[in-house]
Amino acid sequence: MLTIIERNARPDGGHAIQSQSHRTECWLEGWIAVPEHLSRTVWDCGGYCDLTVEGGALTAVTAKERPQEPESEPTEAERLRADVDFLAAMAGVSL
């Protein structure tokens, strides 16, 4: 199985990653093949890493901290359920 990674990081600092079992060389422009011994590191960090490229080959990967996902706003249904639970608790009703 060959893993490839985008050479240039996205604005959030991560690199996209892909693998295909029948490939033996990189198939996308702007991407680079990940040597087998670096593949686990690339997948473990989810592409949030610094790449060291020497002579056109990826030679090292340094994992970085992933950015925190922004907290999502509760849905209308979640807000409604929270309101109902609150009112029930205030009225001493068990739902």
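Numbering of residues starts from 1 in every chain and runs along the sequence as written. At least 70 in pLDDT is required for a residue's local features to be given in this predicted model, at least 80 for side-chain atom pairs to be given and counted, and no such filter applies to totals for whole chains, interfaces and linings, which use all residues. Side-chain metrics in this entry use all non-hydrogen atoms of the structure; hydrogen atoms and water are not considered.

Turning our attention to the overall build of the chain. Segments assigned H or I by DSSP are reported as helices when at least four residues long, segments assigned E as strands when at least two residues long, and all are numbered from the N terminus. In terms of helices and strands, the chain carries two helices and five strands. Going from the N terminus to the C terminus, the chain shows its helices and strands as β-β-β-α-β-β-α. Radius of gyration: C-alpha atoms only; globule rule: 2.2 Å multiplied by the number of residues to the exponent 0.38. By the compact-globule yardstick of 12 Å for 95 residues, the chain is too spread out, its C-alpha radius of gyration being 22 Å. Across its three principal directions, the C-alpha atoms of the chain cover 70 × 25 × 20 Å. Of all 95 residues assigned to the chain, the portion counted as buried reaches 22%. Counting only contacts in the chain whose residues sit at least 6 apart along the sequence, the fraction spanning at least 24 positions is 43%. Here the Shrake-Rupley method, with its probe set to 1.4 Å, supplies the accessible areas, and only the displayed protein chains count as covering residues. For the chain, the accessible surface area stands at approximately 7,000 Å², while carbon and sulfur atoms represent 51% of it. Under the counting rule used here, the positive set is Lys and Arg, the negative set is Asp and Glu, and His together with the chain ends is not counted. One atom stands in for each charge, and that atom is NZ of Lys, CZ of Arg, CG of Asp or CD of Glu. Taken as two groups, the 8 positive and 16 negative side-chain charges of the chain have centres that lie 4 Å from each other. The buried label goes to any residue with under 20% of its type's maximum accessible area, the exposed label to any with over 50%, and the partly exposed label to all in between, with areas taken from a 1.4 Å probe on protein chains only. Working rule for contacts: check all heavy atoms of both residues, and any pair within 4.5 Å makes them a contact.

Looking now at the nonpolar core. With 10 residues, the main nonpolar core is built from I5, I17, I32, V34, L38, V42, C45, C49, L58 and V61. Apart from the residues within four sequence positions on either side, I5 is in contact with H15, A16, I17, W31, I32, V34, V42, G47, C49, L51 and L58. Only buried residues count toward a nonpolar core. Its members are Ala, Val, Leu, Ile, Met, Phe, Trp, Tyr and Cys residues joined through side-chain atoms within 4.5 Å.

Residue position: H15 is located in the loop between strand 1 (2-6) and strand 2 (17-20). N or O atoms within 3.5 Å of each other form a polar contact, as long as, within protein, one can give a hydrogen and the other can take it, and as long as residues adjacent in sequence are counted only when both atoms are side-chain atoms. A distance of 2.7 Å separates a polar atom in the side chain of H15 from the backbone oxygen of E6. If we skip the residues at most four places from it in the chain, H15 touches I5, E6, R7, N8, A9, R10, G46, G47, C49 and L51.

With that settled, the discussion passes to the pairing of strand 5 (residues 57-63). Judged from the six bridges that link them, strand 4 (residues 49-54) and strand 5 form a sheet pairing that is antiparallel. Of the residues in strand 5, the one forming a bridge with L51 is V61. When DSSP finds two or more bridges between two strands, those strands count as paired. Linkage of strand 4 to strand 5, two consecutive antiparallel strands, is achieved through a turn of two residues, within which G55 is found at a positive phi near 60 degrees.

Our focus in this paragraph is the sheet that holds strand 3 (residues 31-34). Sheet architecture is open: three strands sit in the order 2-1-3, paired in antiparallel fashion. Lying at the two open borders of the sheet, with one neighbouring strand each, are strand 2 and strand 3. Each strand of the sheet is rotated relative to its neighbour by a mean of 30 degrees, with strand direction disregarded. When strand 1 meets strand 3, the two strands line up antiparallel, connected through four bridges. If you follow I5 over to strand 3, its bridge partner there is I32. Think of each axis as a best-fit line through the C-alpha atoms, taken over the contacting stretch in the case of a helix, with angles from 0 to 180 degrees between the N-to-C directions.

Moving on, we get to the environment of H22. Within the secondary structure layout, H22 lies in the loop between strand 2 and strand 3. Accessibility expressed as a relative area gives 60% for H22, which makes it exposed. For the pair formed by H22 and L2, sequence separation is 20 residues and the distance between their alpha carbons is 7.7 Å.

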